[in-house]
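A look at the structure
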Amino acid sequence: MRTDSGPEVRALLITGTVGAGKTSVADAAGDLLTGSGVPNAVIDMDWLRRSWPAPADDRFNFALLLRNLRCVAGNYLDAGVTRLVLAGVVEDAEDRRQCEKAVGVGLSVCRLQVELPVVRQRLSRRHADEPEALRWHLDRSGELDGILDRARVEDFTVDATHHRVDEAAAEVLEAAGWR
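Residues numbered from 1 in each chain as written. Predicted model: local features only at pLDDT ≥ 70, side-chain atom pairs only at ≥ 80, totals over all residues. Heavy atoms only, no water.

- As recorded by an unreviewed UniProt entry, the protein chain carries the name Adenylyl-sulfate kinase and is attributed to Streptomyces sp. 900116325.

Comments concerning the packing of aromatic side chains
- All chains considered together, the criterion is met by 1 aromatic pair.
- For the ring pair Phe 60 and Trp 136, a centre distance of 6.5 Å and an interplane angle of 65° mean the geometry is edge-to-face. Here the residue Phe 60 occupies a position in the loop between helix 2 (45-49) and helix 3 (62-78), and Trp 136 occupies one in helix 6 (residues 131-151), the gap between them amounting to 76 residues.
- Residue classification places Phe 60 among the partly exposed residues on the basis of a relative accessible area of 27%. (Phe/Tyr/Trp six-rings, centres within 6.5 Å; stacked < 30°, edge-to-face > 60°. Helix = DSSP H or I, 4+ residues; strand = E, 2+ residues; numbered from the N terminus. Buried < 20%, exposed > 50% of the residue type's maximum accessible area, 1.4 Å probe, protein only.)

Re the sheet that holds strand 4 (residues 106-113)
- Spatially, 5 strands are ordered 2-3-1-4-5 in an open sheet, and the strand pairing comes out parallel. On the outer flanks of this sheet lie strand 2 (40-44) and strand 5 (156-159), each paired with one strand and no other. Geometrically, the sheet is characterised by an average inter-axis angle of 20° between neighbouring strands, direction not taken into account.
- Across 6 bridges, the pairing between strand 1 (residues 10-15) and strand 4 is parallel. Of the residues in strand 4, the one forming a bridge with Thr 15 is Arg 111.
- Relative to the sheet, helix 3 contacts strand 2 and strand 3 (83-87), its axis offset from that of strand 2 by approximately 165°.
- Strands in contact with helix 7 (residues 165-176) are strand 1, strand 4 and strand 5; relative to strand 5, the strand with the most contacts, it is inclined by about 160°. (Pairing = 2+ DSSP bridges. Axes fitted to C-alpha atoms, helices over the stretch in contact; angles between N-to-C directions. Contact = heavy atoms within 4.5 Å.)

A word on the pairing of strand 4
- Summarising burial for strand 4: 7 of the 8 residues are buried, a large majority.
- Sheet analysis places strand 4 next to strand 5, joined by 4 bridges and oriented parallel. Bridge assignment links Arg 111 to a residue of strand 5, and that residue is Thr 157.

Let's talk about a negative patch on the surface
- There is a patch of like negative charges on the surface, built from Glu 115, Asp 159, Glu 171 and Glu 174.
- In this structure, Asp 159 sits in strand 5. (Patch = residues over 30% accessible without salt bridge, like charges linked within 9 Å, V, L, I, M, F, W, Y side chains within 5 Å. Areas by Shrake-Rupley, 256 points an atom, 1.4 Å probe, with all protein chains shown as cover. Salt bridge = Lys/Arg side-chain N within 4 Å of Asp/Glu carboxyl O. Lys, Arg positive; Asp, Glu negative; His and termini not counted. Charge placed at Lys NZ, Arg CZ, Asp CG, Glu CD.)

Regarding the side chain of Arg 111
- The residue Arg 111 is located in strand 4 in this model.
- Given the relative accessible area of 1%, Arg 111 is considered buried.
- One polar contact links Arg 111 to Gln 113, side chain to side chain, over a distance of 3.4 Å.
- Every residue in contact with Arg 111, bar those within four places of it in the chain, is listed here: Thr 15, Gly 16, Asp 145, Leu 148, Asp 149, Glu 154, Phe 156, Thr 157 and Val 158. (Polar contact = N/O pair within 3.5 Å; in protein donor to acceptor, adjacent residues only side chain to side chain.)

Focus: the packing of helix 1 (residues 22-35) against helix 7
- Helix 7 packs onto helix 1 with a crossing angle of 70° between their chain directions and a minimal axis gap of 8 Å. Judged by the inter-axis angle, helix 1 sits roughly perpendicular to helix 7. In this structure, helix 1 crosses over helix 7, and the sense of that crossing is right-handed. Counting all contacts with helix 1, which are made through Ser 24, Val 25, Ala 28, Ala 29, Leu 32 and Leu 33, the residues of helix 7 involved are Val 165, Asp 166, Ala 168, Ala 169, Ala 170, Val 172 and Leu 173.
- Each residue belonging to the contact of helix 1 with helix 7 can be placed in one class, and the counts come to 11 nonpolar, 1 polar and 1 charged. (Parallel < 35°, antiparallel > 145°, perpendicular 65-115°, else oblique. Left-handed = near helix turned anticlockwise from the far one by under 90°. Nonpolar A, V, L, I, M, F, W, Y, C, P; charged D, E, K, R; others polar.)

Observations regarding the packing of helix 5 (residues 116-126) against helix 6
- Where helix 5 meets helix 6, the axes come as close as 10 Å, and the angle between the chain directions of the two elements is 155°. Regarding the angle of helix 5 to helix 6, the classification is roughly antiparallel. Relative to helix 6, helix 5 is oriented so that their crossing is right-handed. Contacts between helix 5 and helix 6 involve Leu 116, Val 119, Arg 120, Leu 123, Ser 124 and Arg 126 on the former and, on the latter, Leu 134, His 137, Leu 138, Ser 141, Gly 142 and Asp 145.
- Partitioning the contact of helix 5 with helix 6 into residue classes produces 5 nonpolar, 4 polar and 3 charged.

What follows is the structure, encoded as structure tokens:
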């Protein structure tokens, strides 16, 4: 999509297992774009799905996420944003297609790869005082990593195991062709 008087409008979804750093890297990517004068918005898709209870047939409230994403992305695009940076999980090609349809512009997907022992260390720090949440996230990290390995919904991958957040964000933007 190209606006009448401006650059091509694009979206980038940063995906990966829980604890990979999707939200942190998306935030840092937004900061880098802002520093370069690029109109952008960062959307954490987890917040767009956060509602309880989720329908029995939609464990992660994906349908609600899509409805909210359509509205939020449209508002940002109407306000002049040319780069949408999304942080979230898409588990298969159909989820990816639906996300692209919801944002209404071309969507690239970057998978953040982080070695599972590092993910588990991060999760242990994040959920140190929440034993049930920690157990769920530790179990989910390996499960989701396997799902993403099989699904291969990404256009490119960035190994963020040993990168600082700002370094990973710069690499993601470079790989997306946004820098």
